[in-house]
Amino acid sequence: MIFETHAHVHDAAFDADRENVLQRARDAGIGRIVTVGCDLRDSRRACEVAQQYGLEWSIGIHPHEAKDAPLDVPAAFDRAIAAAPSPPLAVGEAGLDYYYRHSVPEAQQTVMRAQIRYARARKFPVIFHHRDAFEDFVRILTEEWDGEMRGVVHCFTGNAAEATELAAFGLWLGIGGIVTFKNARALQEAVGGAGLGRIVLETDCPYLAPVPQRGRRNEPAYIVHTLETVARLLGAPPADVARATHENAEQLFRRS
Ligand SMILES: [Zn+2]
Ligand SMILES: [Zn+2]
C-alpha cells in the first residue's frame with residue numbers, strides 16, 4: 001500500500017471525474033490520501049471531499065494566502081474544526097514562498113508562526129510548504145519548533161545539505177514528481193543520501209506530474225512513477241520503498 005501524503009483532490013480540476021481519479025488511485029495501490037487545504041474555505045472543501053470519499057484532510061493557510069488570513073488564526077481553526085464532521089490529520093500547508101510573493105514576507109512569517117503555535121498547542125503534525133526562503137524558514141523553525149512536534153516539508157526540492165538541516169528538526173521530506181525530472185540532480189542526490197527513514201511520497205496533484213506524465217494534470221495514481229524513481233535512487237525494491245514510506249507517513253501523521 002502506498003500513502004499519498006499530499007494531494008489536492010478537492011481541487012476543481014477533479015470536479016468532472018473525481019470518482020474515476022480515486023478509483024485509479026486504489027487500483028495503483030494507494031491506501032491513504034491526504035487532501036491538503038490552502039486557506040479556510042479551501043480547507044472546508046478538503047474536509048467535504050475527504051468525508052465523501054474516505055480521505056484525510058488538513059487545515060492550513062498557504063503562504064500565498066497569508067495576506068487574507070484571519071487576524072486570529074487559532075480561533076478560526078478552532079471554529080472550523082469544531083464545525084467539521086471529522087478532525088483534520090494535520091495543519092498545513094503552512095510556510096514561506098518567496099518565489100511568487102503573492103503575500104509579503106512579513107505576512108507569510110506571521111501566519112507560519114501562528115500555525116506552528118496552533119499545531120503545538122493542539123498536537124497536530126504540520127505540512128510545510130517552502131520555496132526560495134530557506135534561511136527564514138529555518139530561522140522560524142529554530143524559534144518556534146519543539147522536538148516533540150512532527151512535520152513534513154512537502155515537495156522538498158533542496159540539496160543534501162538542506163535535507164540534513166531539516167532532518168535536524170526531525171522533519172520528513174515529502175518527495176514528489178520533481179524527483180523524476182532529468183535536471184533534478186541535486187534533489188536526486190539528496191534523496192539518495194537521506195535514506196528511507198526520512199522520506200514520504202506525494203503528488204501535490206493536480207500540479208507537478210512526474211515523468212512520463214509531465215505537463216499533464218497530475219493525479220494520485222501517478223505517484224507510482226515517483227515511487228519507482230525513489231526506489232532506483234535508493235537501490236531498493238519499490239515494494240520496500242512503498243512499505244517504508246507508508247510507515248513513515250503513519251508515524252508523521254499519528255494522532256497524539
Ligand atoms: Zn505546496
Ligand atoms: Zn500542495
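For the structure given in this document, a descriptive report is provided here. (Residues numbered from 1 in each chain as written. Chains lettered and ligands numbered in written order. Predicted model: local features only at pLDDT ≥ 70, side-chain atom pairs only at ≥ 80, totals over all residues. Heavy atoms only, no water.)

Another aspect to go through is the pattern of salt bridges. One pass over the full model with this rule turns up 15 salt bridges. Note that D78 and R122 form a salt bridge whose closest N and O atoms lie 2.5 Å from each other. Placement of the pair is D78 in helix α3 (residues 73–83) and R122 in helix α4 (residues 105–122), with a sequence separation of 44 residues. Here R122 falls in the partly exposed class, since its relative accessible area comes to 41%. Here R217 makes a salt bridge to E219, at a shortest N to O gap of 3.7 Å. Accessibility expressed as a relative area gives 3% for E219, which makes it buried. Salt bridges here are not isolated pairs; linked through shared partners, they connect R113, R117, D136, R139, E143 and E144. (Salt bridge = Lys/Arg side-chain N within 4 Å of Asp/Glu carboxyl O. Helix = DSSP H or I, 4+ residues; strand = E, 2+ residues; numbered from the N terminus. Buried < 20%, exposed > 50% of the residue type's maximum accessible area, 1.4 Å probe, protein only.)

Another aspect to go through is the nonpolar core. Across soluble globular proteins, nonpolar side chains have a tendency to be buried as a group. Formed by 69 residues in total, the largest nonpolar core has its most connected members in F128, L141, W145, F156, L166 and I175. Ranked by residues supplied to this core, first place goes to α4 with 6 residues. Ignoring anything within four residues of it in the chain, the contact list for L141 reads M112, I116, F128, L166, F169 and L171. Core analysis: the second largest hydrophobic core is formed by 12 residues, F3, L89, W172 and L252 among them. (Core = buried A, V, L, I, M, F, W, Y, C linked by side-chain atoms within 4.5 Å. Contact = heavy atoms within 4.5 Å.)

With that settled, the discussion passes to the state of the cysteines. Evaluation of the coordinates by the stated rule reveals 0 disulfides. C38 provides the cysteine sulfur closest to C47, a residue in no disulfide bond, and the two sulfurs are 15 Å apart. Take C205: it sits in no disulfide, and the sulfur closest to it among the cysteines is that of C38, at 12 Å. (Disulfide = S-S within 2.5 Å.)

This next bit is on the side chain of H130. Looking at the secondary structure, you find H130 in strand β5 (residues 126–131). We classify H130 as buried; its relative accessible area is 16%. Within the local environment of H130, its side chain forms a polar contact with the backbone nitrogen of F134, the two atoms lying 3.5 Å apart. (Polar contact = N/O pair within 3.5 Å; in protein donor to acceptor, adjacent residues only side chain to side chain.)

Let us look at the coordination of the zinc ion (ligand 1). Coordination sphere of the zinc ion (ligand 1), protein contribution only: E93 (OE), H129 (ND1) and H154 (NE2), at 2.0 to 2.2 Å. Counting along the primary sequence, the residues that act as donors to the zinc ion (ligand 1) give the motif E-x35-H-x24-H. Here the zinc ion (ligand 1) and the zinc ion (ligand 2) are spaced 3.5 Å apart, and both take E93 as a donor. Taken together, the residues span a long stretch of sequence, with H129 in strand β5 and H154 in the loop between β6 (151–153) and α6 (160–167) at a distance of 25 residues. (Donors = N, O, S within 2.8 Å, 3.2 Å for Na, K, Ca; no water.)

Time to look at the environment of Q115. By the secondary structure assignment, Q115 is in helix α4. Owing to a relative accessible area of 0%, Q115 belongs among the buried residues under this scheme. In this structure, Q115 is in contact with G60, I61, V73, F77, V91, E93 and A94, ignoring residues within four places of it in sequence. Reaching out from Q115, the side chain makes a polar contact with the backbone nitrogen of I61 at a distance of 2.8 Å.

A few words on the packing of helix α8 (residues 223–234) against helix α9 (residues 238–253). At a closest axis distance of 9 Å, the pairing of α8 and α9 adopts a crossing angle of 105°. Our classification of the angle between α8 and α9 gives roughly perpendicular. Counted together, L227, V230 and A231 of α8 and P238, V241 and A242 of α9 form the full contact between these two elements. Here the contact of α8 with α9 is composed, by residue class, of 6 nonpolar, no polar and no charged. (Axes fitted to C-alpha atoms, helices over the stretch in contact; angles between N-to-C directions. Parallel < 35°, antiparallel > 145°, perpendicular 65-115°, else oblique. Nonpolar A, V, L, I, M, F, W, Y, C, P; charged D, E, K, R; others polar.)

Under the counting rule described, the total for this entry stands at 6 aromatic pairs. Between Y99 and Y100, the aromatic rings sit 4.9 Å apart at their centres with planes inclined by 90°, giving edge-to-face as the arrangement. For Y99, a relative accessible area of 45% gives the class partly exposed. The class of Y100 is partly exposed, set by a relative accessible area of 45%. Aromatic side chains Y118 and F124 sit 6.3 Å apart centroid to centroid with 10° between the ring planes, which places their arrangement in the stacked category. Clustering of aromatic rings is evident, with ring pairs tying together F77, Y118 and F124. Taking the ring centre of F181 as reference, the NZ or CZ of R214 above it sits at 3.6 Å. (Phe/Tyr/Trp six-rings, centres within 6.5 Å; stacked < 30°, edge-to-face > 60°. Lys NZ or Arg CZ within 6 Å of the ring centre and 35° of its normal.)

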